[in-house]
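In case you want the letters, here they are:
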Amino acid sequence: MRALITGATGQDGSYLAEFLLSKGYKVYGLIRRSSVEKFERIAPFIHDLELVEGDLTDQSSLDGVISAVQPDEVYNMAAQSFVPVSYSQPVLTGDVTGLGVIRVLEAIRKHYPKARFLQASSSEMFGKVRETPQTEKTPFHPRSPYGVAKVFGYHITVNYRESYGMYACSAIGFNHESPRRGLQFVTRKVTYQVAKIKCGLAKKLLMGNLDAKRDWGFAGDYVRAMWMILQHPKPEDFVLATGKPHSVRELLEVAFKAAGLNWQDYVEIDPKLIRPAEVDLLCGDATKAREILGWVPEVRFEELIKMMVEADLELVRRIEAGARSQPQAISV
């Protein structure tokens, strides 16, 4: 089996690539040409991957990749996925996260229409929720340019499925985290700063809205579900979630406790970190995925955050040790 993963160097893409390799797939990772190579997440297995250059904003590059690879499965994990950046760069977010989906679908339709396509959709599409928990039938009300772009990606995937008979579906993933999460995302921001505080390299952590609640799961569990979706006989959309929301305040409590610290001694509120249009509560109902696919998330919230804190403690200590081992400049 041949699989193409866009965003292969990101959190989800790296876990998915690792998972598919373990299944015996030939895995192609789509990467953008960049002056700085960021392959840290895929470094342990990079030699088992085929990296191909392409860009979700460039139709011709995607046409060339699909034509050359002819993948059995395509996983679109690439996006501008940081919500605050979507406010400062809404056009870029719409181009990559929204229109990028239709460019991938067009390349598949024109060059290898029998490929199975999975769009990594987001719980941010629900935004100002109409009901809790959210299911595959819950109406969307996005509250950020990122959420709006993801809604476009979702609906265009449905449209290509219905218009062209393509195997195209969405995994509507609620928040999923890991030690590979980017430092700009709230879970990793917290666990990394906790590690720095524990190691004496920082004194405080600036946060925004502590009352916002999210349904946080482990990224490794979610990419396994994405693969299961594409093994289903017919293309369908599935919510992926734990069904157990936790507040940012709970996140802080668990993360600092994992390092033997009291969060209230270190956290300060910064009004600049509060979103222009807040999403107060996201909680998914993954009953459909459980009943049809047999998928159940395995890593609990507390285990996940402890895993991330421990990984960041190891990372910070390694960085600190490396800095101490560097030769010091001599004044003359």
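Just so it is clear, the model here is predicted, and its values are computed rather than measured.

Further remarks concern unusual backbone geometry. The peptide bond linking Thr132 to Pro133 adopts the cis configuration, its omega dihedral lying at 0°. Along the chain, Pro133 falls in the loop between β5 (116-122) and α5 (145-164). The phi dihedral of Gln70 is positive, around 50°, even though this residue is not glycine. Looking at the element boundaries, Gln70 is found in the loop between α2 (59-69) and β4 (73-76). Here Gln70 falls in the partly exposed class, since its relative accessible area comes to 38%.

This part takes up helix α4 (residues 90-111). With 22 residues, α4 should reach 32 Å at 1.5 Å per residue; the first-to-last C-alpha distance of 30 Å fits that figure. Of all bends in α4, the biggest is about 40°, found at Leu99. The secondary structure elements touched by the buried residues of α4 are α2, β4, α3 (83-88), β5, α5 and β6 (168-173).

Further remarks concern the packing of aromatic side chains. Under the criterion given, the structure shown has 10 aromatic pairs. Both rings, one in Phe126 and one in Phe140, keep their centres 5.3 Å apart while their planes meet at 50°; by these two values the pair is tilted. Here Phe140 lies in the loop between β5 and α5 and Phe126 lies in the loop between β5 and α5, a separation of 14 residues in the sequence. Classification of Phe126 as buried rests on a relative accessible area of 0%. Each ring, one from Trp216 and one from Phe301, has its centre 5.8 Å from the other, and the planes form 20°; the classification is stacked.

Structurally, the position occupied by Leu230 is in helix α7 (residues 219-231). Sequence separation between Leu230 and Thr93 is 137 residues, and the spatial gap between their C-alpha atoms is 26 Å. For Leu230, the residues in contact, after removing those within four places along its chain, are Glu73, Val74, Tyr75, Arg116, Phe117, Leu118, Tyr167 and Cys169.

Before going further, it helps to spend a moment on the side chain of Asp312. You can see Asp312 is positioned in helix α10 (residues 301-325). The class of Asp312 is buried, set by a relative accessible area of 2%.

Right, let's talk about the nonpolar core for a bit. Residues Ile5, Leu20, Tyr75, Leu240, Leu252, Phe256 and Trp295 are the most contacted members of the largest nonpolar core, which totals 67 residues. For Leu252, the residues in contact, after removing those within four places along its chain, are Val190, Leu205, Met207, Leu210, Trp263 and Val267. If you look at the next biggest cluster of nonpolar residues, it comprises 23 residues, including Tyr28, Val74, Tyr112 and Ala168.

This next bit is on the sheet that holds strand β11 (residues 238-240). Read across the sheet, 7 strands follow the order β3-β2-β1-β4-β5-β6-β11 without closing on themselves; strand pairing throughout is parallel. Of all the strands in the sheet, the pair left with one neighbour each is β3 (50-53) and β11. Across the sheet, the axes of successive neighbouring strands diverge by a mean angle of 25°, strand direction being ignored. Where strand β1 (residues 2-6) meets strand β2 (residues 26-31), 5 bridges bridge the pair, whose relative direction is parallel. Paired with Ile5 across the two strands is Gly29, which belongs to β2. The sheet strands contacting α5 are β5 and β6, and the helix crosses β5 at an angle near 155°. Each of β4, β5, β6 and β11 touches α7; the most contacted strand, β4, lies at about 140° to it.

This brings us to the pairing of β1. Counting buried residues along β1, 4 of its 5 residues qualify, which places the element largely inside the surrounding structure. In this fold, β1 hands off to helix α1 (residues 11-22), which returns the chain to β2; that crossover is right-handed. Looking at chain direction, β1 and β4 are connected through 4 bridges and run parallel. Directly across from Ile5, in β4, lies its bridge partner Tyr75.

This brings us to the pairing of β2. Along any regular strand, the residues point their side chains to alternate faces of the sheet. Most of β2 is tucked away: 5 of the 6 residues are buried. As paired strands, β2 and β3 are joined by 4 bridges and run parallel to one another. In the strand pairing of β3, Ile31 is matched with Glu53.

Attention now goes to the pattern of salt bridges. Taken as a whole and assessed by the stated rule, the structure comprises 19 salt bridges. Linking Arg181 and Glu177 is a salt bridge whose minimum nitrogen-to-oxygen distance equals 2.8 Å. Taking the relative accessible area as the measure of exposure, Glu177 reaches 2% and is therefore buried. The shortest N-O distance in the salt bridge between Glu302 and Arg300 comes to 3.1 Å. Exposure remark for Glu302: the relative accessible area of 35% places this residue in the partly exposed category. You can call Arg300 partly exposed: its relative accessible area is 47%. One continuous salt-bridge network, built from bridges that share partners, spans Asp221, Arg224 and Glu298.

Parameters and conventions
Residues numbered from 1 in each chain as written. Predicted model: local features only at pLDDT ≥ 70, side-chain atom pairs only at ≥ 80, totals over all residues. Heavy atoms only, no water. Helix = DSSP H or I, 4+ residues; strand = E, 2+ residues; numbered from the N terminus. Buried < 20%, exposed > 50% of the residue type's maximum accessible area, 1.4 Å probe, protein only. Expected span 1.5 Å × (residues − 1). Bend = angle between axes of the 7 residues up to and from the residue. Contact = heavy atoms within 4.5 Å. Phe/Tyr/Trp six-rings, centres within 6.5 Å; stacked < 30°, edge-to-face > 60°. Core = buried A, V, L, I, M, F, W, Y, C linked by side-chain atoms within 4.5 Å. Pairing = 2+ DSSP bridges. Axes fitted to C-alpha atoms, helices over the stretch in contact; angles between N-to-C directions. Right-handed = clockwise from strand over helix to strand, strands pointing away. Salt bridge = Lys/Arg side-chain N within 4 Å of Asp/Glu carboxyl O.

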